[in-house]
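A closer look at the structure
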Amino acid sequence: MCRQTVKRHLWQDITLFDGLKTHAEKMAVLVEGAKIQQICPMSQLPADLRDTAEKTCQGGVMTPGLIDCHTHLVFAGSRANEFEQRLEGLSYAEIARRGGGILSTVSATRAASEQALFEAALPRIQALIADGVTTVEIKSGYGLNLVDELKMLRVARRLGHQLSIHVVTTLLAAHALPPEYQQDADAYIDLICDEIIPKAAAEKLADAVDVFCEGIGFSPAQCERVFQAAQAHKLPVKAHAEQLSNLGAAALSARYQGLSADHIEHLDEAGVAAMAKSGTVATLLPGAFYTLRDTQVPPIDLLRQYRVPMAVATDGNPGSSPIFQLSLMLNMACTLFRLTPTEALQGVTHHAALALGLSQTAGLLSPGRTADFCVWDVNSPAELAYAIQPGRLKQRVFNGEVTA
Ligand code: NIG
Ligand code: FE
């Protein structure tokens, strides 16, 4: 029998942010194969370990591989024209009411082949990979019928199979009302509940189900029907909640043990309390807040007070957040929402993993876990949030392999 030796790599003199906190001492991290074998202070590193490890690397700040827990990065077309319309004074909601917005991306996405969609998504996901992201969530929501929603989810799965990144997929059929159902939203909800969710579940194409609960999206009653269908198929739920108004979507999502409520600029204290009770993560999307020139800041102090974990994501999409750089969100979360750099870093690591139901496998660095991490050429973790400066990623390690 032939036994292959598993490679052992040792990182030394590391400043370690483990997903929750920064260790005071310089640390050593030993990786064997795809797993973290040991983490200890340099002062306790056994001399024989130093000698037996095949490859050693020195210095820098180590963080878990970053997790972008909210994106819409599979889509066709561009909405640069709407960017210009907004500069001329039209609002995001007004553009949507005139048939632009999400529906314009729906036309382009329906018309695109699976291969064309895959190729369009590649540079966006590659930008995230180059920025240190090792886990990304990708939503559907620009198909709005059975065939095209499943097409989007298949593209997302394929990105995960072909690239060095974990992909989590979310079915967002309840994103906007498709043109063929303009007069009958409830009939579209029937289609989602009776056909799209069952088929996506049967083909294992969706890891969760999301809704857009809003005046220009779906009502709480309609979203609740989607949640019931999701739960019947054992899929966890989440919501685009209280982005433009407060409809109680975060509390609704909490009633269904939602993984996260996202945006939440208009969230009130009752919603925060409900989220705290159900362990629903607050996903902050400063890129959409910035792009739409929003002024209503999410209730950060209340979220702190009720100890609701806060995640931070790009919301990368063609309309409200054409941004595919998670490290920039660290800065924006601090500057626009007044998060501390530590909170922002927790938001793209441990708390982002919680928002995806992956807290056992991603977002934290400890022995026994998969070796997905980044080493940055900075002096302290806070510098990652402080400066907007690409090019500081020294190493990206995915499943124990150095990939950048
Ligand atoms: O998260 N709020 C709804 N959905 C997306 C925007 C999608 C789009 O404009 O294409 C969001 O902001
Ligand atoms: Fe979104």
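As named in an unreviewed UniProt entry, the protein is Imidazolonepropionase, taken from Nitrincola iocasae. Recorded under Catalytic activity (unreviewed entry), the UniProt text for the protein is reproduced unchanged: "4-imidazolone-5-propanoate + H2O = N-formimidoyl-L-glutamate".

Core analysis: the largest hydrophobic core is formed by 100 residues, its most contacted members being Leu73 and Leu159. Considering every element that reaches this core, the biggest residue donor is helix α7 (residues 185-202), with nine residues. If near-sequence neighbours (up to four positions away) are discounted, leucine 159 is found in contact with Leu73, Val74, Phe118, Ala121, Leu122, Ile125, Ile138, Ile165 and Val167. By size, the runner-up hydrophobic cluster in this structure holds 15 residues, among which are Trp11, Val31, Ile39 and Leu365.

Glancing now at the site of ligand 1. Taken together, 15 residues lie around ligand 1, and Arg79, Tyr92, Tyr142, His175 and Ser320 are the ones closest in. At 2.6 Å from an oxygen atom of ligand 1 is found a side-chain nitrogen or oxygen belonging to tyrosine 142. Histidine 240 places a polar side-chain atom, nitrogen or oxygen, 3.0 Å from an oxygen atom of ligand 1. Contact with the protein chains hides 100% of the accessible area of ligand 1, taken as 330 Å² for the molecule alone. Comparing atom positions with the cavity grids shows ligand 1 to sit within the largest cavity.

With that settled, consider the UniProt feature "binding site: Zn(2+)" (unreviewed entry) in the protein. Feature annotation in UniProt assigns "binding site: Zn(2+)" (unreviewed entry) to the following positions: His70, His72, His240 and Asp315. Spatial clustering of the annotated residues is evident: they stretch over 246 residues in sequence, but the largest pairwise C-alpha distance comes to 12.3 Å. Restricting the annotated residues just mentioned to those that line the largest cavity leaves His72, His240 and Asp315. Those residues within four positions of histidine 72 in sequence are excluded, and the remaining contacts are Lys139, Tyr142, Leu172, His175, His240, Asp315, Gly316, Asn317 and Pro318. Within the secondary structure, histidine 240 is located in strand β10 (residues 237-241). Its relative accessible area of 4% is what places histidine 240 among the buried residues. In this structure, histidine 240 is in contact with His70, His72, Lys139, Leu172, Asp210, Val211, Phe212, Cys213, Asp262 and His263, ignoring residues within four places of it in sequence.

A few words on the environment of serine 78. Note that serine 78 resides in the loop between β6 (66-68) and α2 (80-87). You can call serine 78 exposed: its relative accessible area is 55%. In this structure, the C-alpha to C-alpha distance between serine 78 and serine 104, residues 26 residues apart in sequence, is 8.9 Å. A distance of 3.1 Å separates a polar atom in the side chain of serine 78 from the backbone nitrogen of alanine 80.

The rules behind each value
Residues numbered from 1 in each chain as written. Chains lettered and ligands numbered in written order. Predicted model: local features only at pLDDT ≥ 70, side-chain atom pairs only at ≥ 80, totals over all residues. Heavy atoms only, no water. UniProt positions renumbered as here; feature names shortened; annotations may be inferred. Core = buried A, V, L, I, M, F, W, Y, C linked by side-chain atoms within 4.5 Å. Buried < 20%, exposed > 50% of the residue type's maximum accessible area, 1.4 Å probe, protein only. Helix = DSSP H or I, 4+ residues; strand = E, 2+ residues; numbered from the N terminus. Contact = heavy atoms within 4.5 Å. Near = heavy atom within 4 Å. Polar contact = N/O pair within 3.5 Å; in protein donor to acceptor, adjacent residues only side chain to side chain. Areas by Shrake-Rupley, 256 points an atom, 1.4 Å probe, with all protein chains shown as cover. 1 Å grid on protein atoms, 1.4 Å probe; cavity = no way out; pocket = protein on both sides within 12 Å on 5 of 7 lines; lining within 4 Å. Sits in = over half its atoms within 2 Å of the grid points.

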